[in-house]
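Each chain, written out:
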Amino acid sequence: MRIFVTGASGWIGSAVVPELLGAGHEVVGLARSEASAQRLESAGAQVLRGDVDDPDGLAKAAADTDGVIHLAFQHEVAFGGNFAAAATADRRAVEAMGAALADSDRPLVLASGMLGLTVPGRPATEDDGLVPGAEIWANPAGLRAATALFTLSLRGVGVRSSVLRLPPTVHGDGDSGFVATFVAIARQKGVSGYVGEGTNRWPAVHRSDAASLARLAVESAPAGSVLHAVGDEGVPFREIAGAIGRHLGLPAASVSPADAVEHFGHLGHFVALDSPATAAITRELLGWEPTGPSLIEDLAQDHYFRVA
């Protein structure tokens, strides 16, 4: 297959590209900058210079390939205070690529998130979160969930669409996301913190496993599939803080909910969420089996603790 990948030079995309190439596919990667283009070329991919703010360019790229993996999202805009603008650009991109793929039965895989997908009494499954609630319309972050639901609806116009839900922690050597930020905060504060009793759980997956699932999705996921890239169903946050503290030689300590934002910054809104999730349906559907290290195993390595 000739596959168009947005976000191809990002944290997950830079693992997806070699995964696809290793399976014999051609890759056309979207690159915003010359540096990103050079990285993609070095990896063996073809390069399309452009941006997710160009829906016409995205539509043409989608039409010229056998399928799309859409990983790009304007995180710097979203977490810079304008999530609605980033989510709106994402929706326009999906609409454009979906229209280009209509009536072709070609795949469109959308990367989405699962943090906050909470079901009382059990881990969330792929069948949860499919009915839009009031929060989707009231919360700017809910716009991204609405785009995922729209993506699934594209099966009705002849697109083999699927949504790949990623945990908040896609970990591995080179990760600069949530876990790396928690390490930096622990260094700064002199304590590795968790909120309350720290029993709230986060799902996690190793980057290599997320990449292999993205490949399986574009190759064979049925139209309208929701997929969970989950290796660890739910790691108690106290264990995450403890692993960070042990490596840094710092104590792990509770932070009160009232002080979470002061301690963790903007991440204080997320640290206490309890969002365990399972990938049982995904494993049965696609035969996917995570093989990478768990989050706690990864935190026993040195790469999260190197000082630049």
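Presented here is a report on the structure given in the accompanying data block. (Residues numbered from 1 in each chain as written. Predicted model: local features only at pLDDT ≥ 70, side-chain atom pairs only at ≥ 80, totals over all residues. Heavy atoms only, no water.)

1. Thoughts on the sheet that holds strand E9 (residues 201-206)
And step 1. Read across the sheet, 3 strands follow the order E7-E9-E11 without closing on themselves; strand pairing throughout is mixed. The open sheet is flanked by strand E7 (169-171) and strand E11 (232-236), the only strands paired with a single partner. Pairs of neighbouring strands in the sheet enclose a mean axial angle of 40°, with direction left out of account.
And step 2. Running at roughly 75° to E9, helix H9 (residues 207-220) makes contact with E7 and E9 of the sheet. (Pairing = 2+ DSSP bridges. Helix = DSSP H or I, 4+ residues; strand = E, 2+ residues; numbered from the N terminus. Axes fitted to C-alpha atoms, helices over the stretch in contact; angles between N-to-C directions. Contact = heavy atoms within 4.5 Å.)

2. Some points on the side chain of Arg 160
And step 1. Inspection of the secondary structure assignment puts Arg 160 in strand E6 (residues 160-166).
And step 2. The side chain of Arg 160 is buried and forms no salt bridge, while Asp 105, the nearest opposite charge, is found at 7.4 Å.
And step 3. Within the local environment of Arg 160, its side chain forms a polar contact with the backbone oxygen of Ala 221, the two atoms lying 2.9 Å apart.
And step 4. The contacts of Arg 160, once residues within four sequence positions are left out, are Asp 105, Arg 106, Pro 107, Leu 108, Ala 217, Val 218, Glu 219, Ser 220, Ala 221, Pro 222 and Ala 223. (Buried < 20%, exposed > 50% of the residue type's maximum accessible area, 1.4 Å probe, protein only. Lys, Arg positive; Asp, Glu negative; His and termini not counted. Salt bridge = Lys/Arg side-chain N within 4 Å of Asp/Glu carboxyl O. Polar contact = N/O pair within 3.5 Å; in protein donor to acceptor, adjacent residues only side chain to side chain.)

3. Some points on the environment of Leu 20
And step 1. In this fold, Leu 20 is placed in helix H1 (residues 13-22).
And step 2. When the C-alpha atoms of Leu 20 and Leu 213 are compared, they prove to be 11 Å apart, with 193 residues separating the residues in sequence.
And step 3. In this view, Leu 20 contacts Ile 3, Val 5, His 25, Val 27, Ile 69, Arg 215 and Val 218; residues no more than four positions away in its chain are not counted.

Purely geometric stuff here, so don't read any function into it on its own.
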